Amino acid sequence: MDLRIFTEPQQGATYDTLLRVAQTAEELNYGAFFRSDHYLHMGDVDGLPGPTDAWVTLAGLARETKRIRLGTLMTAGTFRLPGVLAIQVAQVDQMSGGRVDFGLGSGWYAEEHAAYGIPFPKEKFGRLEEQLEIITGLWNTPVGDRYSFDGTYYQLTDSPALPKPAQPRIPVLVGGHGTKRTPAIAARYADEFNIPFASPEDSEQQFGRVRAAVEERGRKASELVYSNALVACVGKDDAEIARRADAIGRSVEDLRENGLAGSPDEVAEKIGKYASIGSQRIYLQMLDLSDLDHMALIADKVMPQVS
């Protein structure tokens, strides 16, 4: 099981905070540092000092880390035109020496679009499909050839399809709970399928839908990595677990039921349940970014049990 760190900076984090988390994750041998792509906080927080941009952040981290992979869960497809996004991601991949994983979603948070004047189209899944077609098409076009696309939502004419990523193929993540279009999109474009905040039982059902869709498309289901994203709240004892739950405004009972909460042994056991239904990678949602000891505890006491 590959353990990765997943952050939600819109809840309140500076670039320097994210840098400390990413560098700590690298020192502790986590597989990757990921962040959300949002411009507005959620819930009962003030979000101060304000949002940071996902790809600006990852560009900075690309130059200030050495080994750890970098990515998004998920880049909002509504925020950027696909041609521009293909350039941005390819550039960050070059800057990192080929360490980018690219998660793309349709975008869903209407309030943040209204707050920053970003159009929020009604038809998002059709746009997402075209975005994935364009972005991967631009990256895969041989140097010297041209790329054109005439879709319902986007048109590209005679593009030089540059720059190219450092990697021969940037891993593409698709995810979600949708039962029909989501598996179909994953089957066509994804290298990894991620389901966020789901039980082992629900994850198993969704993985099954995706595997079936992948095979219907003529690919092997084993070509994809299957992963989960789950909130983490691990402590050496009950008092530490309760303190960490309180710091993120959640109850221990809720976190035990819907996330990875408890002692290191308890959390390792629950991760084992996800592994048993085919999950190969866990994105640990870390909501208190000041608590680097939390990451160290998981690396020291959980990671050896599940790796």
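Residues numbered from 1 in each chain as written. Predicted model: local features only at pLDDT ≥ 70, side-chain atom pairs only at ≥ 80, totals over all residues. Heavy atoms only, no water.

Attention now goes to the packing of helix α5 (residues 125–140) against helix α6 (residues 181–189). Where α5 contacts α6, the two axes come as close as 11 Å, and the packing angle between them is 5°. Looking at the two axes, α5 sits roughly parallel to α6. The residues of α6 that touch α5, namely those facing F125, G126, L128, E129, L132, E133 and T136, are R181, T182, I185, R188 and Y189. Residue composition of the contact of α5 with α6, grouped by class: five nonpolar, three polar and four charged. (Axes fitted to C-alpha atoms, helices over the stretch in contact; angles between N-to-C directions. Helix = DSSP H or I, 4+ residues; strand = E, 2+ residues; numbered from the N terminus. Parallel < 35°, antiparallel > 145°, perpendicular 65-115°, else oblique. Contact = heavy atoms within 4.5 Å. Nonpolar A, V, L, I, M, F, W, Y, C, P; charged D, E, K, R; others polar.)

Under the counting rule described, the total for this entry stands at eight aromatic pairs. Judged by centre distance (6.5 Å) and plane angle (85°), the rings of F193 and F207 are edge-to-face. Of this pair, F193 sits in strand β9 (residues 192–196) while F207 sits in helix α7 (residues 200–216), placing them 14 residues apart in sequence. Accessibility expressed as a relative area gives 0% for F207, which makes it buried. Taken together, the ring pairs connect Y39, F79 and Y116 into an aromatic cluster. Lying over the aromatic face of Y226, R211 brings its terminal NZ or CZ to 4.3 Å of the ring centre. (Phe/Tyr/Trp six-rings, centres within 6.5 Å; stacked < 30°, edge-to-face > 60°. Buried < 20%, exposed > 50% of the residue type's maximum accessible area, 1.4 Å probe, protein only. Lys NZ or Arg CZ within 6 Å of the ring centre and 35° of its normal.)

Residues L3, Y30, F33 and F102 are the most contacted members of the largest nonpolar core, which totals 75 residues. Among the elements that make up this core, the one with the highest residue count is helix α11 (residues 292–306) (seven residues). If sequence neighbours within four positions are ignored, F102 has contacts with W55, T75, L85, V89, I135, W139, I170, P171, V172 and L173. (Core = buried A, V, L, I, M, F, W, Y, C linked by side-chain atoms within 4.5 Å.)

The next thing to look at is the pairing of strand β12 (residues 281–286). A regular strand places its side chains on the two faces of the sheet in alternate fashion. Of all the six residues making up β12, six are buried; the element is thus mostly covered by neighbouring parts of the structure. Side chains R281, Y283 and Q285 of β12 all project onto a buried face; the interleaved residues I282, L284 and M286 project onto the opposite face, where all are buried too. Here five bridges tie strand β10 (residues 225–234) to β12, and the two strands are oriented parallel to one another. Note on β12: the bridge partner recorded for L230 is L284. (Pairing = 2+ DSSP bridges.)

Let us now look at the side chain of H113. Mapped onto the secondary structure, H113 falls in helix α4 (residues 110–116). A polar contact is formed between the side chain of H113 and the backbone oxygen of Y109, at a distance of 2.7 Å. Filtering out sequence-adjacent residues up to four positions away, H113 remains in contact with T78, F79, I118, P119 and F120. (Polar contact = N/O pair within 3.5 Å; in protein donor to acceptor, adjacent residues only side chain to side chain.)

Right, let's get into the side chain of E112. For E112, the position within the fold is in helix α4. Setting aside anything within four residues of it in sequence, one finds E112 in contact with H38, Y39, L40 and F79.

A few words now on the packing of helix α10 (residues 264–276) against α11. Packing of α10 against α11 brings their axes to within 9 Å, and their N-to-C directions diverge by 40°. Compared by their axis directions, α10 and α11 come out oblique. Relative to α11, the crossing made by α10 is right-handed. Residues P264, D265, V267, A268 and I271 of α10 touch α11, and the partners they reach there are L297, K301, V302, Q305 and V306. Residues that form the contact of α10 with α11 fall into these classes: seven nonpolar, one polar and two charged. (Left-handed = near helix turned anticlockwise from the far one by under 90°.)

We now examine α11. The end-to-end C-alpha distance of α11, which contains 15 residues, comes to 20 Å, matching closely the 21 Å that a straight helix rising 1.5 Å per residue would cover. Along α11, the sharpest change in direction is near 35° and occurs at A299. Regarding α11, the residues found buried are H294, M295, L297, I298, A299, V302, M303 and V306. Where the residues of α11 are buried, they touch β1 (2–7), α1 (15–27), β10, α8 (238–247), α10 and β12. (Expected span 1.5 Å × (residues − 1). Bend = angle between axes of the 7 residues up to and from the residue.)

Evaluation of the coordinates by the stated rule reveals 19 salt bridges. A salt bridge links D2 to R4; its shortest N-O distance comes to 3.0 Å. A residue is classified by how much of its surface remains accessible, and D2, at 22% relative accessible area, is partly exposed. For R80, the salt bridge identified is with D37, shortest N-O distance 2.8 Å. With a gap of 43 residues between them, R80 in the loop between β4 (75–76) and α3 (82–96) and D37 in the loop between β2 (32–35) and α2 (54–64) connect regions that are remote in the sequence. What you see here is one network of salt bridges that share partners, running through D2, R4, R69, D101, E192 and R281. (Salt bridge = Lys/Arg side-chain N within 4 Å of Asp/Glu carboxyl O.)

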